[in-house]
Amino acid sequence: MTTERRRKLLDSGVDSRFKVTALIVQSVLLGLAVAFIVVLVKPSLIRPAADAGDVARASYAAAVAASSPAVANVYTTINRLDGAAAPDRVLGSAVVIDPNGYLVTNWHVIRGADRIRVQLADGRVAVPTLVGADPDTEIALLRIDAPNLPSIALGRSDSLQVGDVVLAIGNSLGLSHTVTMGIVSATGRGQLGVTTFEDFIQTDAAINVGNSGGALVNAKGELVGINTAVTSSTARDPEPPEGIGFAIPINLVRGVMTELIANGRVIRGHLGIEGTDLPPRLARVYGLERPAFRLDVVAPGSSAEAAGLKAGDVLAAIGADEVASERQATNLIAAGRPGDRVRIRVARAGGEVFETEAVLEERPQRDGT
């Protein structure tokens, strides 16, 4: 092959490769141009699709719509000593908990009232009757006679976990159906000095004056608690703490409501004792290596006295349950009914231990209820 022939063939190959490369570049540029135009017209194509659960969690409007209609405002009147007409006071909230007309609120919302009115979310106003109240748990039950009452789904407070989202709905500061959001900060809170039997849900959802008796609902709009209290200011810190509120769990409300409907009061067992919690170092005097509950008062004529209990004794066990605190002892005794016989294990100073049997009385009602 001549040199000229070889040169022509090489030139031909280079030219072909150049044409192919140019074609590829042209195609890429054309594709990018088309993609750019499509993105301008429909930019959502380059955004990842939102997960359905994320969309649902972005708003709690459905939960509020399902539960808020069942929350009512509560107005009370207390007659003045001079006989003049007293204006209504907006004190709190209530929740229509049953389509038969039952509303749950807090006992302190209606305590001492001469007249009670409730205003439903649809504007209707009714004068309820007081079915009963339980100051030991701060629960009161009202009933109204009205058609087509809203209902609210009842959840389970024993399934709540710290971190769950909750919504507080009530007549906050007179602003009807105010909704605030927070999380469950703790469950089973006690020893707050609010009620005798305490098992509160703690939440950081804002609870203000007027929220008492209102609804605490979960993210599905189910009632899980009745808003009751907030922490108060102290001499050391005059500003009330923020983000600490408490609600009565719905599981407790259910039981109290059943008793109030059946009896007009909650019937609990009673021994007639008062006492002090002992740390392990003091409980060792009684031969115990754990916290204990020592009796300081045994009421004369009580079932505790009849069972042989004395001031200074330690309740080591009630039935099959070891007792470590006054709160636990009170709850175990109150869970019984008047007439029930309970076995009690008692420890006395010096290591003497014996068992006795007590017949429960009925726990006295508080505040004249």
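Scope of this entry: the structure provided in the associated data block. (Residues numbered from 1 in each chain as written. Predicted model: local features only at pLDDT ≥ 70, side-chain atom pairs only at ≥ 80, totals over all residues. Heavy atoms only, no water.)

1. Observations regarding the nonpolar core
Okay, so step 1: By size, the foremost hydrophobic cluster in this structure holds 42 residues, and its most contacted members are Ile97, Ile110, Leu223 and Val253.
Okay, so step 2: The element best represented in this core is helix H5 (residues 250–263), accounting for 5 residues.
Okay, so step 3: For leucine 223, the residues in contact, after removing those within four places along its chain, are Val95, Ile97, Ile152, Ala153, Leu154, Gly155, Ala215, Leu216, Val217 and Ile250.
Okay, so step 4: In this structure, Leu315, Val323, Ala329 and Ala358 belong to the second largest nonpolar core, which totals 18 residues. (Core = buried A, V, L, I, M, F, W, Y, C linked by side-chain atoms within 4.5 Å. Buried < 20%, exposed > 50% of the residue type's maximum accessible area, 1.4 Å probe, protein only. Helix = DSSP H or I, 4+ residues; strand = E, 2+ residues; numbered from the N terminus. Contact = heavy atoms within 4.5 Å.)

2. Considering the side chain of serine 68
Okay, so step 1: Mapping serine 68 onto the fold places it in the loop between helix H3 (61–67) and strand S1 (71–77).
Okay, so step 2: Residue classification places serine 68 among the buried positions, given a relative accessible area of 11%.
Okay, so step 3: Apart from the residues lying within four places of it in its own chain, the contact partners of serine 68 are Ala121, Ile169 and His177.

3. Concerning helix H8 (residues 326–334)
Okay, so step 1: The complete set of buried residues in H8 reads Ala329, Ile333 and Ala334. Viewed end-on, H8 has its buried residues packed into an arc of 125°, placing them on one side of the element.
Okay, so step 2: Summarising the contacts, the buried residues of H8 are in contact with strand S14 (269–270), strand S15 (273–278), strand S16 (292–298) and strand S17 (314–318). (Arc of directions from axis to C-beta.)

4. So, the packing of aromatic side chains
Okay, so step 1: Considering all chains together, one arrives at 1 aromatic pair under this definition.
Okay, so step 2: Residues phenylalanine 200 and phenylalanine 246 carry aromatic rings whose centres are separated by 6.0 Å and whose planes lie at 55° to one another, so their mutual orientation is tilted. Of the two residues, phenylalanine 200 is situated in strand S10 (residues 200–203) and phenylalanine 246 in strand S13 (residues 245–249); the sequence distance between them amounts to 46 residues.
Okay, so step 3: Owing to a relative accessible area of 5%, phenylalanine 246 belongs among the buried residues under this scheme. (Phe/Tyr/Trp six-rings, centres within 6.5 Å; stacked < 30°, edge-to-face > 60°.)

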